[in-house]
Amino acid sequence: DVKVTQSSRYLVKRTGEKVFLECVQDMDHENMFWYRQDPGLGLRLIYFSYDVKMKEKGDIPEGYSVSREKKERFSLILESASTNQTSMYLCASSLLEYTEAFFGQGTRLTVV
Amino acid sequence: SQQGEEDPQALSIQEGENATMNCSYKTSINNLQWYRQNSGRGLVHLILIRSNEREKHSGRLRVTLDTSKKSSSLLITASRAADTASYFCATDAAYTGANSKLTFGKGITLSVRP
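Residues numbered from 1 in each chain as written. Chains lettered and ligands numbered in written order. Predicted model: local features only at pLDDT ≥ 70, side-chain atom pairs only at ≥ 80, totals over all residues. Heavy atoms only, no water.

Trainee: I would appreciate a short explanation of the overall build of chain A in the present structure.
Mentor: A count of helical and extended segments in chain A gives zero helices and eleven strands. Starting at the N terminus, the α and β elements of chain A follow one another as β-β-β-β-β-β-β-β-β-β-β. Taken over C-alpha atoms, the radius of gyration comes to 13 Å for chain A, in line with the 13 Å a tight globule of 112 residues would show. Along the first, second and third principal axes, the C-alpha set of chain A runs to 35 × 25 × 25 Å. Expressed as a percentage of its 112 residues, the buried residues of chain A come to 46%. Sequence separation of 24 or more characterises 55% of the internal contacts of chain A that already satisfy a separation of 6 or more. Of the side-chain charges in chain A, 15 are positive and 16 negative, and the distance between the mean point of each set is 8 Å. (Helix = DSSP H or I, 4+ residues; strand = E, 2+ residues; numbered from the N terminus. Rg over C-alpha atoms; globule rule 2.2 N^0.38 Å. Buried < 20%, exposed > 50% of the residue type's maximum accessible area, 1.4 Å probe, protein only. Contact = heavy atoms within 4.5 Å. Lys, Arg positive; Asp, Glu negative; His and termini not counted. Charge placed at Lys NZ, Arg CZ, Asp CG, Glu CD.)

Okay, here's the thing in structure tokens:
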């Protein structure tokens, strides 16, 4: 079974801190995605990557950056956390374009 | 911007009834997928239908796709209390650079009463 693992289930950070959210997949998938999920807004794509060191902006990249140094790992970085970045963050991976995505369990981030 | 929009936003039915959920989208797609999310968890893939397919079945799930209307429906037959969850449609539309991005709608909350 494909496994997508996010480093933390719950995280509390202070305003202005630099925050790293880590995601690892174990099935050699090409594509990886970061979403945030907020009540009433559904899932919104922050960034995605289709290859090592490659990244593309999603719909809401502002305030975030990403890193993909190795194929299995995709990190989301909040350069200076703000309270409006309090959210559920979901990582996903897929083997190829136009195939099903596998999700991690989510990281609920609270910025105080 | 989000590509897919589900309808209705919330649905409450009795166990044993069928549940029909709809999704509309704006631009041409390569495929459309449905996912399920139990409260506070990650999403689980249910079914994928390609743009050249019109109908697909998987167990108690039936998905249809009408590309002329840019819409899809998910039917869950003989619903169970365990089907209570949020359901999302996702579209995989190619964009400039030919690298697709998977975008989701806001979701439908399904409650199945025992």
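Trainee: Would you mind going over the nonpolar core with me for this structure?
Mentor: Note that soluble globular proteins tend to have their nonpolar side chains buried in a common cluster. In terms of nonpolar packing, the biggest core is built from 22 residues, with Met21, Leu32, Trp34, Leu74, Ile76, Tyr87 and Leu110 of chain B touching the most fellow members. Among the elements of the structure, strand E2 (10–14), strand E3 (19–25), strand E4 (31–37), strand E5 (43–50), strand E7 (61–66), strand E8 (71–76), strand E9 (85–93) and strand E11 (108–113) of chain B are those that each provide at least two residues to this core. Considering every element that reaches this core, the biggest residue donor is E3 of chain B, with four residues. In this view, methionine 21 of chain B contacts Asp7, Leu11, Trp34, Ser72, Ser73, Leu74, Ile76, Tyr87, Ile108 and Leu110 of chain B; residues no more than four positions away in its chain are not counted. One finds Met32, Tyr64, Leu78 and Cys91 of chain A within the second-largest nonpolar core, a separate group that totals 20 residues. (Core = buried A, V, L, I, M, F, W, Y, C linked by side-chain atoms within 4.5 Å.)

Trainee: Is there a simple way to explain the sheet that holds strand E1 (residues 4–6) of chain A in this structure?
Mentor: The strands making up a sheet associate through hydrogen bonds between their backbones, and the pairing can be parallel or antiparallel. Residue and element names in this part refer to chain A. Taken in spatial order, the four strands make up an open sheet running E1-E3-E8-E7, and their pairing is antiparallel. Two strands close off the open sheet at either side, each with one partner strand: E1 and strand E7 (64–70). Across the sheet, the axes of successive neighbouring strands diverge by a mean angle of 20 degrees, strand direction being ignored. Where strand E3 (residues 19–25) lies against strand E8 (residues 73–78), six bridges are found, and the strand directions are antiparallel. Each bridged residue has a counterpart across the sheet, and for valine 19 the counterpart in E8 is leucine 78. (Pairing = 2+ DSSP bridges. Axes fitted to C-alpha atoms, helices over the stretch in contact; angles between N-to-C directions.)

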